[in-house]
Amino acid sequence: GCITLGGDHSITLPILRAHAAKHGPLALIQVDAHTDTWPDDNPARIDHGTFCYTAVKEGLIDVAHSAHVGIRTVVEDNLGIEIIDAQAVGARGAVAVAEALRSKVGDRPVYLSFDIDGLDPAFAPGTGTPVWGGLSSREAAALLRGLAGINLVGGDVVEVSPPFDHANITAVAAAHVAMELICLWGWTRA
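Cut-offs used in this document
- Residues numbered from 1 in each chain as written.
- Predicted model: local features only at pLDDT ≥ 70, side-chain atom pairs only at ≥ 80, totals over all residues.
- Heavy atoms only, no water.
- Axes fitted to C-alpha atoms, helices over the stretch in contact; angles between N-to-C directions.
- Helix = DSSP H or I, 4+ residues; strand = E, 2+ residues; numbered from the N terminus.
- Parallel < 35°, antiparallel > 145°, perpendicular 65-115°, else oblique.
- Left-handed = near helix turned anticlockwise from the far one by under 90°.
- Contact = heavy atoms within 4.5 Å.
- Nonpolar A, V, L, I, M, F, W, Y, C, P; charged D, E, K, R; others polar.
- Buried < 20%, exposed > 50% of the residue type's maximum accessible area, 1.4 Å probe, protein only.
- Core = buried A, V, L, I, M, F, W, Y, C linked by side-chain atoms within 4.5 Å.
- Arc of directions from axis to C-beta.
- Pairing = 2+ DSSP bridges.
- Salt bridge = Lys/Arg side-chain N within 4 Å of Asp/Glu carboxyl O.
- Polar contact = N/O pair within 3.5 Å; in protein donor to acceptor, adjacent residues only side chain to side chain.

1. Digging into the packing of helix H4 (residues 94–105) against helix H5 (residues 137–146)
With their axes 8 Å apart at the nearest point, H4 and H5 run at an angle of 30 degrees to one another. With respect to their mutual orientation, H4 and H5 come out roughly parallel. For the crossing formed where H4 meets H5, the hand is right-handed. Contact residues: Ala94, Val95, Val97, Ala98, Leu101 and Arg102 in H4; Glu139, Ala142, Leu143 and Gly146 in H5. Looking at side-chain class alone, the contact of H4 with H5 contains 7 nonpolar, 1 polar and 2 charged residues.

And the structure:
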């Protein structure tokens, strides 16, 4: 298992390929403003908005046991992956959403990809595609801590853009997300 610190969200595709080669199709929990399931007619290209589309088409993701969390954009076809948008997280509460996600993934191998734009730009301005109305840092912390006990085999924090960051707000948020992912990964291995 590994926790990867990224750049562009396209880095997740080759990581998913490596984990799926070892574990089979993965349950994916993706915290993001966008589902990244936009179709791409060029299978040789990897893109931050299409990597999840390609991963589903390659059979890397078990869509029945996966979810996108914090979404604030619309895509025509999400390929069967559940969407829990940011408004739903606010209405249901992050702890309740985490409980639902734990139930959804069960004991399957899970990959958790956290695009920093899943957070509202007030909490993470340093990203390339900010969308208002996102998760707060408090909601993200409660969500991640509420996932304790899942079979996390890997994860990433992506889309931090230092040139757009003010006072390291985004870098601090991303560092905390990375630490929470490390704790989730170690939770069942202690």
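2. Quick look at unusual backbone geometry
Working note: non-glycine residues mostly have negative phi, and peptide bonds are mostly trans. Positive phi outside glycine occurs at Asp36, with the angle close to 60 degrees. Following the sequence through the fold, Asp36 ends up in the loop between strand S2 (27–31) and helix H2 (51–57). One non-glycine residue, Asn168, lies in positive phi territory at about 60 degrees. Along the chain, Asn168 falls in the loop between strand S6 (151–158) and helix H6 (169–187). By relative accessible area, which is 51% here, Asn168 ends up exposed.

3. Side note on the nonpolar core
Core analysis: the biggest nonpolar cluster contains 33 residues, and Ile29, Leu101, Leu112, Phe114, Leu119, Leu143 and Leu147 have the highest contact counts within it. When contributions to this core are tallied by element, the ones reaching two or more residues are S2, strand S3 (67–71), helix H3 (86–92), H4, strand S5 (109–115), H5, S6 and H6. Residue contacts for Leu112: discarding those within four places in its chain leaves Ile29, Leu144, Leu147, Leu152, Gly154, Gly155, Asp156, Leu181 and Leu184. Ranked by size, the runner-up nonpolar core spans 17 residues in total, among them Ile15, Leu28, Tyr53 and Val153.

4. What to know about H5
Inspection of H5 places Ala140, Leu143, Leu144 and Gly146 among the buried residues, and these make up the whole buried set. Seen along its axis, H5 keeps its buried residues to an arc of 165 degrees; they face one direction. Away from the buried face of H5 by more than 90 degrees, exposed residues Arg138 and Arg145 are located. Each element contacted by the buried residues of H5 is listed here: S2, S3, H4, S5 and H6.

5. Observations concerning the pairing of S2
For S2, a buried count of 5 out of 5 residues is recorded, marking the element as mostly surrounded by other parts of the structure. Side chains of S2 alternate between two faces, with Ala27, Ile29 and Val31 and Leu28 and Gln30 buried alike. Relative to S5, S2 runs parallel, the two sharing 5 bridges. Paired with Leu28 across the strands is Tyr111, a residue of S5. Strand direction decides the pairing type here: S2 and S3, joined by 3 bridges, are parallel. Across the sheet, Gln30 pairs through a bridge with His68, a residue of S3.

6. Some thoughts on the pattern of salt bridges
Proximity of charged atoms lets side chains of opposite charge pair with each other. Counted by the stated rule, this structure contains 4 salt bridges. Between Arg17 and Glu58 there is a salt bridge, and its shortest N-O distance comes to 2.7 Å. Linking Arg17 in helix H1 (residues 12–23) with Glu58 in the loop between H2 and S3, this pair joins segments that are 41 residues apart in sequence. Judged by its relative accessible area of 39%, Glu58 falls in the partly exposed class. With a closest N to O distance of 2.9 Å, Glu180 and Arg145 form a salt bridge.

7. Let's talk about the environment of Ser113
Position of Ser113 relative to the elements: it lies in strand S5. Looking at Ser113, its side chain comes within polar contact range of the side chain of His9, at 2.6 Å.

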